[in-house]
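# Topology and contacts: notes
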Amino acid sequence: MTETQKSATLSLNGETYELPIFSPTAGPDVLDIRKLYAQAGVFTYDPGFTSTASCDSTITYIDGGKGELLHRGYPIDQLASKSHYLEVCYLLLYGELPTAAQLEDFETRVTRHTMVHEQMHNFFRGFRRDAHPMATLVGVVGAMSAFYHDSLDVTDPWQREVAAVRLIAKLPTIAAMAYKYSIGQPFVYPKNDLDYSANFLHMCFSVPSEEYHVNPILSRAMDRIFILHADHEQNASTSTVRLASSSGANPFACIAAGIACLWGPAHGGANQACLEMLKEIGSVDRIPEFIERAKDKNDPFRLMGFGHRVYKNTDPRAKVLKQSADEVLELLGVEDNPLLQVAKELEQTALNDPYFIEKKLFPNVDFYSGIILEAMGFPTSMFTPIFALSRTVGWISQWKEMIADPQNKIGRPRQLYLGETMRDYTDIEKR
Ligand code: CMC
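Described below are features of the structure shown in this document. Worth saying up front: this structure is predicted, and the values here are computed from it rather than measured.

### Here we look at the pattern of salt bridges
Counted under the stated rule, the structure contains 20 salt bridges. Among the salt bridges present, the one from E161 reaches R109, with a minimum N-O distance of 2.9 Å. Here R109 lies in helix α4 (residues 100-111) and E161 lies in helix α7 (residues 157-183), a separation of 52 residues in the sequence. Taking the shortest distance from any N to any O, the salt bridge between D299 and R293 comes out at 2.8 Å.

Listed below in structure tokens is the structure:
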């Protein structure tokens with residue numbers, strides 16, 4: 001970030017104020033309004049942060065107009081086709097692609113942390129069996145701060161590093177345990193001779209009474225889903241993690257806050273909502289009815305998996321996933337899956353509809369991920385936990401970046417107050 005000679009001039013109540021302008025390495029210029037209140041006595045108003053940069057970052061860049069997503073400069077489609085999830089984790093965390101030795105060391109560190117404290121098994125047993133796995137995930141990840149006391153001190157870089165590795169390593173184990181618990185099967189311990197994605201499938205789908213062989217094409221598809229969800233700059237859950245962490249809260253509490261935020265249907269919960277919508281549509285002949293509902297201002301229904309705050313073009317992650325869906329369904333011999341037919345037809349209908357064209361609503365990452373996950377055997381309730389475990393590295397990378405930043409201060413937005421001005425308390429008998 002460099003402050004240029006450029007500045008903007010604000011005229012207000014007969015005074016003028018110079019607002020410095022920062023030039024990013026990519027993307028639009030940024031007005032620096034940090035001193036505005038002190039100098040001019042006014043706040044800015046931007047609910048939903050549609051025009052506000054809340055931080056500077058070097059991790060992820062999105063060009064919403066072009067439909068471009070870069071991690072540390074590398075395009076997501078190259079990472080999805082050439083890299084693998086743990087390498088992408090390294091890139092997000094440390095800024096560069098690892099050498100072979102660095103990668104081996106990182107993989108060993110993550111692999112050595114995949115088991116959870118045995119006492120945590122009892123903690124799981126306190127949940128109802130029919131709890132949504134996201135509810136379990138929020139609770140158990142928050143509770144990690146009660147189990148791992150030696151990585152809570154956020155002022156210690158070594159403890160931050162240990163917390164980061166622990167979270168990346170244990171999230172698949174915890175998500176798989178949440179699933180196993182919900183279906184009444186025994187927890188499956190991680191197997192450290194499997195890679196990250198294969199190990200997750202093993203913990204979800206194997207049972208102690210049978211041999212389970214992970215299909216390498218499915219573990220590759222799983223890995224690609226993990227890569228595509230790994231980070232997405234300052235989205236709602238990442239901003240939640242940053243805001244929670246700005247108070248100095250411990251990393252496990254902050255990631256639990258991110259998971260809670262991700263759960264909503266406008267964010268990570270959209271993958272579950274999207275598949276449920278495709279099932280509700282059921283057949284291609286019902287698509288026009290649902291398109292009309294999505295366009296009707298008096299109907300709260302929205303086309304799930306469509307639209308994005310930043311992308312005003314196809315989400316590049318959706319492009320990769322569409323291809324992946326074709327491959328996985330063909331492998332499983334279910335390429336004529338009716339949901340895939342509905343999804344493809346719905347996509348085409350929406351892309352040619354003036355409402356969606358005018359509002360620049362394109363398929364997002366959640367449009368095809370659910371079809372793949374369902375074909376792999378996951379229930380819809382596991383879709384958002386899978387998003388959460390993939391995104392943990394993004395949250396952790398952003399959290400580490402923020403804590404290491406000397407400018408880091410507690411987040412504290414202001415408000416446009418429209419309530420009552422001061423008035424005297426009225427005794428109850430006079431109200
Ligand atoms: N179906 C129908 N209309 C839509 C949709 C949709 N999916 N998305 C936006 N619109 C309309 C919306 O009604 C509004 O119309 P108008 O200007 O006439 O009031 C206009 O498009 C702009 O929408 P917005 O809600 O102001 O835009 P936003 O940037 O605040 O919301 C969004 C972005 C992703 C929340 C929204 O597009 C949406 O609700 N999509 C469906 C849920 C979804 O798929 N979410 C996953 C997002 S990607 C993964 C992730 O980030 O977790």
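### Looking at empty space enclosed by the protein
Counted according to the given criterion, the structure contains 1 cavity of 30 Å³ or more. The volume enclosed by the largest cavity comes to roughly 60 Å³. The wall of the largest cavity is formed by M115, V116, H121, T173, M177, F187, V188, Y189 and P190. For the lining of the largest cavity, the residue count by class is 7 nonpolar, 2 polar and no charged.

### Topic: the site of the ligand
Surrounding the ligand, one finds 22 residues, the nearest of these being H267, L303, G305, R309 and K359. The protein chains hide 75% of the 930 Å² of surface that the ligand would expose on its own. Of the residues belonging to the shell around the ligand, the class tally is 11 nonpolar, 6 polar and 5 charged.

### A closer look at the packing of aromatic side chains
Under the counting rule described, the total for this entry stands at 21 aromatic pairs. Both rings, one in Y85 and one in Y196, keep their centres 5.1 Å apart while their planes meet at 35°; by these two values the pair is tilted. Placement of the pair is Y85 in helix α3 (residues 85-94) and Y196 in helix α8 (residues 196-205), with a sequence separation of 111 residues. Take Y85 and Y196: they sit in the same class, and that class is buried. Joined through ring pairs, the aromatic side chains of Y85, Y179, Y196, F200, F205, F226 and F378 make up one cluster. Taking the ring centre of Y181 as reference, the NZ or CZ of R129 above it sits at 4.1 Å. Its end group placed over the ring of Y37, R414 keeps NZ or CZ at 5.2 Å from the ring centre.

### Topic: unusual backbone geometry
The phi angle at E233 is positive, at roughly 40°, despite the residue not being glycine. Structurally, E233 is set in the loop between α9 (216-228) and α10 (236-245). With a phi angle near 55°, K360 is a residue other than glycine that sits in the positive phi range.

Analysis parameters
- Residues numbered from 1 in each chain as written.
- Predicted model: local features only at pLDDT ≥ 70, side-chain atom pairs only at ≥ 80, totals over all residues.
- Heavy atoms only, no water.
- Salt bridge = Lys/Arg side-chain N within 4 Å of Asp/Glu carboxyl O.
- Helix = DSSP H or I, 4+ residues; strand = E, 2+ residues; numbered from the N terminus.
- 1 Å grid on protein atoms, 1.4 Å probe; cavity = no way out; pocket = protein on both sides within 12 Å on 5 of 7 lines; lining within 4 Å.
- Points joined across faces, edges and corners; volume = space filled by probe spheres on them.
- Nonpolar A, V, L, I, M, F, W, Y, C, P; charged D, E, K, R; others polar.
- Near = heavy atom within 4 Å.
- Areas by Shrake-Rupley, 256 points an atom, 1.4 Å probe, with all protein chains shown as cover.
- Phe/Tyr/Trp six-rings, centres within 6.5 Å; stacked < 30°, edge-to-face > 60°.
- Buried < 20%, exposed > 50% of the residue type's maximum accessible area, 1.4 Å probe, protein only.
- Lys NZ or Arg CZ within 6 Å of the ring centre and 35° of its normal.

Purely spatial values, then, with no claim about function.
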